[in-house]
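# Fold and geometry: a report
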Amino acid sequence: MVSRQCVVVAGGRGAQWNCPEAAGPFGPGAGQVTSILQIGANGQVASELRRQLAASGVAHQVLARPELDMAEPASVERAIDAAEPFDILINCAAYTAVDRAEEEEELARAVNALSVEAAARACKRRGAAMIHISTDYVFDGEKDGAYTEDDPVAPIGAYGRTKLEGEQRLADVLERFAIVRTAWVYSHHGNNFVKTMLRVGRERDALRVVDDQHGCPTQAGDIARMLVAVAGQMDKPGAGGIYHYCGAGETSWCGFAREIFEQTAGWAFAAPHVEAIETKDYPTPARRPKNSVLSTSKIEQQFAIEPRDWRDALAETLQELARNEDASHHA
Ligand SMILES: NC(=O)C1=CN([C@@H]2O[C@H](COP(=O)(O)OP(=O)(O)OC[C@H]3O[C@@H](n4cnc5c(N)ncnc54)[C@H](OP(=O)(O)O)[C@@H]3O)[C@@H](O)[C@H]2O)C=CC1
Ligand SMILES: Cc1cn([C@H]2C[C@H](O)[C@@H](COP(=O)(O)OP(=O)(O)O[C@H]3O[C@@H](C)C(=O)[C@@H](O)[C@H]3O)O2)c(=O)[nH]c1=O
């Protein structure tokens, strides 16, 4: 059995951090331990980060609604100003409803851009660094091949526009920051494509899923481990700036759906037929990039982070979902 114990050795400004639970597939993440202030509590990534940091023993505070409401940037500054001392702020909160953002762009902008700037200002006052999560939807999807951090951004929807503005406002205010763009996030809790497919797959014999949008499914638990690894290395020379992180390998939403049903073949429902369709046959309020595959070379090289195959991570999440279902049936 793998030991889940975290070793924290005090010394110097912080302490050496060696935590298998937090490091997971990247191998043990060692670095200057920091005191972390996390924004967002119950989202997919926020929940995983909370769990992993609690297990690590690192000093850790969480700010979330109602004391911090990102719809009101002033409340973000107030809450961070009042927080206990911290070295790194990790922002896991965002407005993530891609279709609804088309109608609520001002709210999405307050949460994803203005409040990110507010958090950056508060970090600056506290002398802290900030790690922020952004999205593949900052790209227009027209590139042939994986997007690198140097590729031009050109969002095609309101969500992507507000996330891009958040990146830019943060970079304008703060010197010590890391923005990590990720993609197609799923987890055993929260709202995501995996859970949607399992829900509708149980209700119907056939599903129609777009096969001409390509990307990289990414497990929220892996993102949390990546964030911890980056946080532990923010003092490294050259650390900071924009990074891409996602599961290894690429697929389409249709390929993702088919893999979900292949891996749940033994479950107590008949897998639906998954029909591959084109985007034009699945109209949605927001446009989505055709290609949002991200190159992860930079984060791999700089922080020794190795993304795992998206299918392996999916298998783990499906096991977690099955365990939760079992538990709820026996409760
Ligand atoms: N989901 C995805 O597919 C992708 C997500 N991302 C990015 O990853 C990050 C994490 O996303 P994910 O975990 O999926 O997000 P979720 O939608 O699961 O959770 C959103 C989080 O934001 C918090 N939040 C939303 N509105 C407010 C508000 N007004 N005030 C305070 N907190 C608020 C929620 O608060 P509460 O804790 O109170 O519920 C929750 O913690 C985000 O930056 C997102 O843009 C990037 C690519 C893909
Ligand atoms: C439910 C369903 C969706 N689809 C399509 C619609 C869309 O093109 C694609 C994905 O739909 P969703 O609405 O689940 O995913 P979406 O909300 O677009 O996911 C995005 O969320 C934000 C937060 C991000 O940052 C992105 O990286 C990305 O993960 O699948 C089908 O083709 N058939 C279906 O039955």
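As the structure is a computational prediction, the values presented were derived from the model and not from experiment.

This next bit is on the overall build of the chain. A count of helical and extended segments in the chain gives 10 helices and 14 strands. Across the 331 residues in the chain, those meeting the buried criterion constitute 47%. In the chain, the proportion of contacts linking residues at least 24 apart, taken out of those at least 6 apart, comes to 79%.

So, on to the nonpolar core. Membership of the largest hydrophobic core comes to 90 residues, with the highest contact counts inside it found for Ile88, Leu89, Ala119, Met130, Leu227 and Val230. In terms of residues, this core owes the most to one element, helix 4 (residues 105-126), which gives 11 residues.

This part covers the site of ligand 2. Ligand 2 sits among 19 residues. The nearest are Thr96, Val98, Thr135, Val210 and Trp253. Sorting the residues of the shell around ligand 2 by element identifies helix 6 (193-203) and strand 9 (206-210) as the ones contributing at least two each. Counting residues per element, the shell around ligand 2 draws most heavily on strand 9, which supplies four residues. Its residues assigned to classes, the shell around ligand 2 comprises 11 nonpolar, five polar and three charged.

Next up on the list: the site of ligand 1. Around ligand 1, the surrounding shell holds 28 residues, and the nearest of these are Gly40, Gly43, Ala93, Ala94 and Val185. Taken together, the elements giving at least two residues each to the shell around ligand 1 come down to helix 2 (44-56) and strand 6 (129-135).

Looking now at the environment of arginine 181. Within the secondary structure layout, arginine 181 lies in strand 7 (residues 177-182). Remark: the alpha-carbon pair of arginine 181 and glutamate 149, spanning 32 residues in sequence, is separated by 8.9 Å. Not counting the four nearest positions on each side in its chain, arginine 181 is found in contact with Ser134, Thr135, Asp136, Val138, Ile242, His244 and Leu294.

The description of two helices packed together rests on the angle between their axes and the distance between the axes. Here helix 3 (residues 73-81) crosses helix 4 at 30 degrees, and the two axes come no closer than 8 Å. Taken as axis vectors, helix 3 and helix 4 run roughly parallel relative to one another. The hand of the helix 3/helix 4 crossing is right-handed. Residues Pro73, Val76, Glu77, Ile80 and Asp81 of helix 3 pack against Ala110, Leu114, Ser115, Ala118, Ala119, Arg121 and Ala122 of helix 4. Its residues placed into classes, the contact of helix 3 with helix 4 shows eight nonpolar, one polar and three charged.

Along the chain, the position of glutamate 103 falls in the loop between strand 5 (88-91) and helix 4. By C-beta crowding, glutamate 103 is classed as partly exposed, having 13 other C-beta atoms within 10 Å. Once the C-alpha coordinates of glutamate 103 and valine 62 are considered, the two residues, 41 residues apart in sequence, prove to be 30 Å apart.

Another point: the pairing of strand 6. Taken across its seven residues, strand 6 has seven buried, putting it largely inside the fold. Where burial is concerned, the two faces of strand 6 agree: the one with Ala129, Ile131, Ile133 and Thr135 and the one with Met130, His132 and Ser134 are both buried. When strand 5 meets strand 6, the two strands line up parallel, connected through four bridges. Bridged to isoleucine 90 within strand 6 is isoleucine 131. A crossover links strand 6 with its parallel partner strand 7, the connecting element being helix 5 (residues 158-173), and its sense is right-handed.

Our focus in this paragraph is unusual backbone geometry. Following arginine 65, the chain continues into proline 66 via a peptide bond in cis, with omega recorded as 5 degrees. Looking at the element boundaries, proline 66 is found in the loop between strand 4 (60-63) and helix 3. Phi angles above zero are rare outside glycine, and alanine 304 is one such case at about 55 degrees. Among the secondary structure elements, alanine 304 is positioned in the loop between helix 9 (297-303) and helix 10 (310-330).

Taken in spatial order, the six strands of this open sheet run 4-3-5-6-7-12, and their pairing is parallel. Only two strands of the sheet have a single neighbouring strand rather than two, namely strand 4 and strand 12 (241-244). Strand-to-strand, the axes of this sheet are offset by a mean angle of 20 degrees, without reference to chain direction. Contacts between helix 2 and the sheet are confined to strand 3 (36-39), strand 4, strand 5 and strand 6, with strand 3 contributing the most and set at about 155 degrees to the helix.

This paragraph deals with the confidence of the model for the chain. Of all residues in the chain, 88% attain a pLDDT of 70 or more, and the chain-wide mean is 90. For residues 1-30, every residue scores under 50 in pLDDT, and the model assigns this stretch 67 contacts once sequence neighbours within four places are set aside. Two summary scores accompany this predicted model of the complex, namely pTM at 0.92 and ipTM at 0.98.

Let us now look at the packing of helix 2 against helix 7 (residues 220-231). Two elements in contact, helix 2 and helix 7, have axes separated by 8 Å at closest approach and are oriented at 55 degrees. As the angle between them shows, helix 2 and helix 7 are arranged oblique. Two packed elements cross with a definite hand, and for helix 2 against helix 7 that hand is right-handed. Residue-level inspection shows Gln44, Val45, Glu48, Leu49 and Gln52 of helix 2 in contact with helix 7, the latter providing Ala220, Gly221, Ile223, Ala224, Arg225, Leu227 and Val228. Residues that form the contact of helix 2 with helix 7 fall into these classes: seven nonpolar, three polar and two charged.

What counts, and where the lines are drawn
- Residues numbered from 1 in each chain as written.
- Chains lettered and ligands numbered in written order.
- Predicted model: local features only at pLDDT ≥ 70, side-chain atom pairs only at ≥ 80, totals over all residues.
- Helix = DSSP H or I, 4+ residues; strand = E, 2+ residues; numbered from the N terminus.
- Buried ≥ 20, exposed ≤ 12 C-beta atoms within 10 Å, placed from the backbone.
- Contact = placed C-beta atoms within 7 Å.
- Core = buried A, V, L, I, M, F, W, Y, C linked by C-beta atoms within 7 Å.
- Near = placed C-beta within 6 Å.
- Nonpolar A, V, L, I, M, F, W, Y, C, P; charged D, E, K, R; others polar.
- Axes fitted to C-alpha atoms, helices over the stretch in contact; angles between N-to-C directions.
- Parallel < 35°, antiparallel > 145°, perpendicular 65-115°, else oblique.
- Left-handed = near helix turned anticlockwise from the far one by under 90°.
- Pairing = 2+ DSSP bridges.
- Right-handed = clockwise from strand over helix to strand, strands pointing away.
- pLDDT = per-residue confidence, 0-100.

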